[in-house]
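The primary structure of each chain is shown beneath.
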Amino acid sequence: MTIPFYKYQGTGNDFILIDDRAATFAATTEQIARLCHRRFGIGADGLILLRNEPGYDFRMVYFNADGREGSMCGNGGRCTVQFAHDLGLFTSRTSFLAVDGPHEATASYDLISLQMGPVHGLEQHDTYDFLNTGSPHYVAYVDDVAQTEVVAIGRAVRYGDVYGPLGGTNVNFVQVLNENHLKVRTYERGVEDETYSCGTGVTACALSARAHFGWEGPVLIETVGGTLQVTFRETAPRQFEDIYLIGPALRVFEGTVEL
Ligand SMILES: N[C@@H](CCC[C@H](N)C(=O)O)C(=O)O
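Bear in mind that the values here come from a model prediction, so they are computed numbers and not experimental data.

Undergrad: So what's going on with the UniProt feature "active site" (unreviewed entry) in the protein chain? Which residues, and what values?
TA: The feature "active site" (unreviewed entry), as given by UniProt, occupies Cys 73 and Cys 198 in the numbering adopted here. In three dimensions, the annotated residues from a span of 126 residues occupy one location, with a maximal C-alpha spread of 7.8 Å. Among the structural elements, Cys 73 can be located in the loop between β4 (58-64) and α2 (74-86). Setting aside its immediate chain neighbours within four residues, Cys 73 contacts Gly 46, Tyr 62, Gly 199 and Thr 200. Positionally, Cys 198 belongs in the loop between β14 (193-195) and α4 (199-213). For Cys 198, a count of 34 C-beta atoms within 10 Å corresponds to the buried category. Filtering out sequence-adjacent residues up to four positions away, Cys 198 remains in contact with Asn 13, Asn 75, Asn 170, Thr 186 and Glu 188.

This is how it looks when you write it as structure tokens:
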């Protein structure tokens, strides 16, 4: 079976995008993992199907690089919005459905502003915060992210006694650069490695910084693959609404692949 695909990236978090409005894509977990493999396939942090959804412009179905359907992906959402825009599904404002519910977004040139779901609750532990921004995130503050063993520590937390039995977690390491300015590196569950950027991860870090430092935002976040911005409204302690993840999303190439 020959499948046409598009490759997109959002601050270096890269995805295979498939126009599946005809709902014909059928692949096993192993086949999706192979498409995402950087030696044996196209190479990506995840694969996303754009499908039709009544009442919305489209539906986003997201698979991690391990081939399993994942929880919400912020950068993948921004790339899917850019893909829908490139397909002509909307002009400047869109609404779509993802695994965590409805989302709204705007596209202006290559800048995508994606409304994330509301966040109800943020756990503050002795050495880290934990919250769910559509995907689960562990947030730890460090002095220097460049000197942090992201993969080794990230993997230990993801598979550790606390979060391993709960399905694992993504693990973010945060360095405060200035007020409203962070530098973040993330170990991603489902990729099982550090990625260049994680949208739900930087969103979690911005909300955590709000809880720690009282920042109003917008919070600027430097990732390995570029800069993202997060805005939010805290409606009550540790309750967040109107959360927006803002940054570039670009088509890199397109092609066909054998399944
Ligand atoms: N890269 C994503 C996060 C994707 C979900 C995650 N890997 C998980 O399954 O928990 C993002 O940009 O949010």
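Undergrad: Could you give an account of the site of the ligand, naming the residues involved and the relevant values?
TA: Around the ligand lies a shell of 18 residues, among which Gly 74, Asn 75, Ser 135, Gly 199 and Thr 200 are the nearest. Secondary structure elements with two or more residues in the shell around the ligand: α2 and α4. Residues of the shell around the ligand, tallied by class, amount to 3 nonpolar, 13 polar and 2 charged. Residue contributions to the shell around the ligand reach at least three from each of two domains, namely domain 1 (2-116 + 249-258) and domain 2 (119-239).

Undergrad: Describe helix α1 (residues 29-36), with residues and values.
TA: Ile 32, Leu 35 and Cys 36 are the residues of α1 that are buried. The buried side chains of α1 occupy one side of the element, clustering within an arc of 95° when seen end-on. Where α1 is buried, its residues touch β2 (13-19), β3 (46-51), β4 and β18 (250-258).

Undergrad: I'd like to hear about the domain arrangement of the protein chain, residue by residue, with values.
TA: Accessible area lost upon the coming together of the parts serves often as the stated size of an interface. In terms of domains, the protein chain is made up of domain 1 (2-116 + 249-258) and domain 2 (119-239). Measuring from the centre of the C-alpha atoms in domain 1 to the corresponding centre in domain 2 gives 23 Å. In this complex, domain 1 contributes 19 residues to the contact, which on the side of domain 2 involves 19 residues. Considering each element in turn, the side of domain 1 that touches domain 2 owes the most residues, 4 residues, to α2. When its residues are assigned to classes, the side of domain 1 that touches domain 2 shows 4 nonpolar, 10 polar and 5 charged.

Undergrad: Pulling in residues and values, what's your account of α2?
TA: For α2, with 13 residues, the first-to-last C-alpha span of 18 Å sits near the 18 Å given by 1.5 Å per residue. With 12 of 13 residues buried, α2 is to be regarded as a mostly interior element. Within α2 the residues assigned to the buried category are Gly 74, Asn 75, Gly 76, Gly 77, Arg 78, Cys 79, Thr 80, Val 81, Gln 82, Phe 83, Ala 84 and His 85. Just downstream of α2, Gly 88 is the residue with a positive phi angle, here 85°.

How each quantity is defined
Residues numbered from 1 in each chain as written. Predicted model: local features only at pLDDT ≥ 70, side-chain atom pairs only at ≥ 80, totals over all residues. UniProt positions renumbered as here; feature names shortened; annotations may be inferred. Helix = DSSP H or I, 4+ residues; strand = E, 2+ residues; numbered from the N terminus. Contact = placed C-beta atoms within 7 Å. Buried ≥ 20, exposed ≤ 12 C-beta atoms within 10 Å, placed from the backbone. Near = placed C-beta within 6 Å. Nonpolar A, V, L, I, M, F, W, Y, C, P; charged D, E, K, R; others polar. Domains from an automatic or database assignment. Arc of directions from axis to C-beta. Expected span 1.5 Å × (residues − 1).

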